[in-house]
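# Summary of the model geometry
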Amino acid sequence: MILHHIQTSPSRDSALKLCLRYACKEDSILLSSDGVNALLLRQWTMALSPFKLMVLRNDVIARGLTERFKNVILIDYNEFVSQSLRHNKVITW
């Protein structure tokens, strides 16, 4: 079980696309920094739907997207550390 950590916007590089190519359904995906912008586009929301998806709360708040991401699991840094320890491996893309 892997935690895939995406930090960049899918409009800037191919990190999310590569992640989705290699991720298994039992893996989790964490969006942080500009990676949260992926949820602004339906194509990425649909592509991420089979996975356990988490988003760093502070990055959502910083971008003024709290109301828009009501149905997303928002986590803080402590939970990020906990998730990192629960998974066998963490890959930052």
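Data block above holds the structure.
Residues numbered from 1 in each chain as written. Predicted model: local features only at pLDDT ≥ 70, side-chain atom pairs only at ≥ 80, totals over all residues. Heavy atoms only, no water.

## Some points on helix 1 (residues 15–22)
- For helix 1, every residue scored as buried is listed here: Ala15, Leu16, Cys19 and Leu20. Burial along helix 1 is one-sided: seen end-on, the buried residues are contained in an arc of 130 degrees. Facing away from the buried side of helix 1, by more than 90 degrees, are the exposed residues Lys17, Arg21 and Tyr22.
- Residues of helix 1 that are buried in the fold lie against strand 1 (2–6), strand 2 (28–31) and helix 2 (42–48). (Buried < 20%, exposed > 50% of the residue type's maximum accessible area, 1.4 Å probe, protein only. Helix = DSSP H or I, 4+ residues; strand = E, 2+ residues; numbered from the N terminus. Arc of directions from axis to C-beta. Contact = heavy atoms within 4.5 Å.)

## Quick word on the side chain of histidine 5
- Relative to the helices and strands, histidine 5 resides in strand 1.
- With a relative accessible area of 7%, histidine 5 lands in the buried category.
- Separated by 2.6 Å, the side chains of histidine 5 and serine 32 make a polar contact.
- When sequence neighbours within four positions are dropped, the list of residues in contact with histidine 5 reads Leu30, Ser32, Phe80, Ile91, Thr92 and Trp93. (Polar contact = N/O pair within 3.5 Å; in protein donor to acceptor, adjacent residues only side chain to side chain.)

## A short note on the pattern of salt bridges
- Under the definition given, this model contains 5 salt bridges.
- Among the ionic pairs, aspartate 34 bridges to arginine 63, the shortest N-O distance being 2.9 Å. One end of the pair, aspartate 34, is in the loop between strand 2 and helix 2; the other, arginine 63, is in the loop between helix 3 (57–62) and strand 4 (73–75), and 29 residues separate them in sequence.
- A salt bridge links lysine 70 to glutamate 67, with the nearest nitrogen and oxygen atoms 3.0 Å apart.
- A single salt-bridge network, built from bridges that share partners, covers Arg12, Asp34, Asp59 and Arg63. (Salt bridge = Lys/Arg side-chain N within 4 Å of Asp/Glu carboxyl O.)

## Section: the nonpolar core
- By size, the foremost hydrophobic cluster in this structure holds 18 residues, and its most contacted members are Leu16, Leu20, Ile29, Leu31, Val36, Leu39 and Leu48.
- Taken together, the elements giving at least two residues each to this core come down to helix 1, strand 2, helix 2 and strand 3 (52–56).
- Membership of the second largest hydrophobic core comes to 6 residues, among which are Leu3, Met54, Leu56 and Ile75. (Core = buried A, V, L, I, M, F, W, Y, C linked by side-chain atoms within 4.5 Å.)

## Let's talk about the environment of valine 36
- Positionally, valine 36 belongs in the loop between strand 2 and helix 2.
- The spacing of valine 36 and methionine 54 is 18 residues in sequence and 9.6 Å in space, taken between C-alpha atoms.
- Discounting residues that sit within four places of it in the chain, valine 36 has contacts with Leu31, Val55, Asp59, Val60, Arg63, Leu65 and Phe69.

## A few points about the pairing of strand 3
- With 4 of its 5 residues buried, strand 3 lies for the most part within the structure.
- With 4 bridges joining them, strand 2 and strand 3 adopt parallel strand pairing. In the strand pairing of strand 3, isoleucine 29 is matched with leucine 53.
- Taking the sense of rotation as the criterion, the β-α-β connection linking strand 2, helix 2 and strand 3 turns out right-handed. (Pairing = 2+ DSSP bridges. Right-handed = clockwise from strand over helix to strand, strands pointing away.)

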